[in-house]
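Next come the chains, spelled out residue by residue.
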Amino acid sequence: MVPTGATWYNQGSGTGIIGRGSYAGSLGIFRGSTEGDVSFWVRLNGGNIYDPVVTGIARDKWHRIVGTFDGSDTAKIYHNGEYIAQEVDANNAGTFDAGAYLIGGGTSFGGNQGGYGGVHIAEAKIYNKALSADEVSRNFYKGNTVTNNLKLHLDAGNLLSTQDESAWFDLSGNGYTATKYGSPVLTTLGGAKCWNFDSIGDYFDINNTFGGLSACTLEAWIYPAASELSSGDRGT
């Protein structure tokens, strides 16, 4: 199956935003080592690595980042509904590791130790298909969320999703609950309700691999604040 994930986050220090697996076989959205870079990382344990990047993400503005992997040979990244770049490897081999999806950090995308995001995250979604370019555009320009094949929907702005703030509850109808670790704090930033994650050990564990989905689309609303650390300052 092909997964699709969506996240709103305020980019701070660290790497992990939403993803699963470990160093050998992982996928997810994370901030790059260069200021203003956001990457969609796909690493198969057979050695194949895909890493399309959006560069020049301005601070103090909301941005929507979408990364798609078709489960075959192509990873793409979009910014605010527009296609930016792709990476293709016709010699695709390998699979992802079996780790559950985490939000806020703890996933080892490209190093031996998983970083923690130091971010604000307002919304997260995972689909069991790759969104098409038209669906990516529709989500951004029309604002009506694609619900076909939606596996998980977490929304910090919806009281049904945050409830008593003890966990993060799924709105997709599938009944998943993201378990809270560390001390993420529910707050408001740039007009949106969001969880504030430190870069030390805050994250949510979705406790599920969604059947070992083999490909990926990640969609993220991000707001990099000028007051936060540069992308080179990372928590581990």
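Look above for the structure.
Residues numbered from 1 in each chain as written. Predicted model: local features only at pLDDT ≥ 70, side-chain atom pairs only at ≥ 80, totals over all residues. Heavy atoms only, no water.

Draft legend 1. The arrangement of helix H1 (residues 133-141) in detail. Every buried residue belonging to H1 is among Glu135, Val136 and Asn139, and all of these are buried. Buried residues of H1, seen end-on, are gathered within an arc of 105 degrees and therefore sit on one face of the element. Against the buried residues of H1 lie strand E7 (63-69), strand E8 (74-79), strand E13 (120-127) and strand E20 (216-222). Backbone geometry just after H1 places Gly143 at a positive phi near 75 degrees. (Buried < 20%, exposed > 50% of the residue type's maximum accessible area, 1.4 Å probe, protein only. Helix = DSSP H or I, 4+ residues; strand = E, 2+ residues; numbered from the N terminus. Arc of directions from axis to C-beta. Contact = heavy atoms within 4.5 Å.)

Draft legend 2. Region of interest: the pattern of salt bridges. Across all of its chains, the model carries three salt bridges by this definition. Between Arg64 and Glu219 there is a salt bridge, with its nearest N and O atoms 2.3 Å apart. Here the residue Arg64 occupies a position in strand E7, and Glu219 occupies one in strand E20, the gap between them amounting to 155 residues. (Salt bridge = Lys/Arg side-chain N within 4 Å of Asp/Glu carboxyl O.)

Draft legend 3. Layout of the nonpolar core. Residues Phe40, Phe69, Ile103 and Trp168 are the most contacted members of the largest nonpolar core, which totals 39 residues. Residue assignment for this core shows that the elements contributing at least two residues are strand E2 (16-21), strand E3 (26-31), strand E4 (38-43), E7, E8, E13, strand E14 (150-155) and E20. The greatest single-element share of this core, amounting to four residues, is contributed by E20. With seven residues, the next largest nonpolar core counts Tyr127, Val136, Val146 and Leu150 among its residues. (Core = buried A, V, L, I, M, F, W, Y, C linked by side-chain atoms within 4.5 Å.)

Draft legend 4. Layout of the environment of Thr145. With respect to the helices and strands, the residue Thr145 is situated in the loop between H1 and E14. On the accessibility criterion, Thr145 (32% relative accessible area) is partly exposed. Not counting residues within four places of it along the chain, the set of residues in contact with Thr145 comprises Lys125, Tyr127 and Asn139. Engagement of the side chain of Thr145 in a polar contact is seen with the side chain of Lys125, the distance being 2.8 Å. (Polar contact = N/O pair within 3.5 Å; in protein donor to acceptor, adjacent residues only side chain to side chain.)

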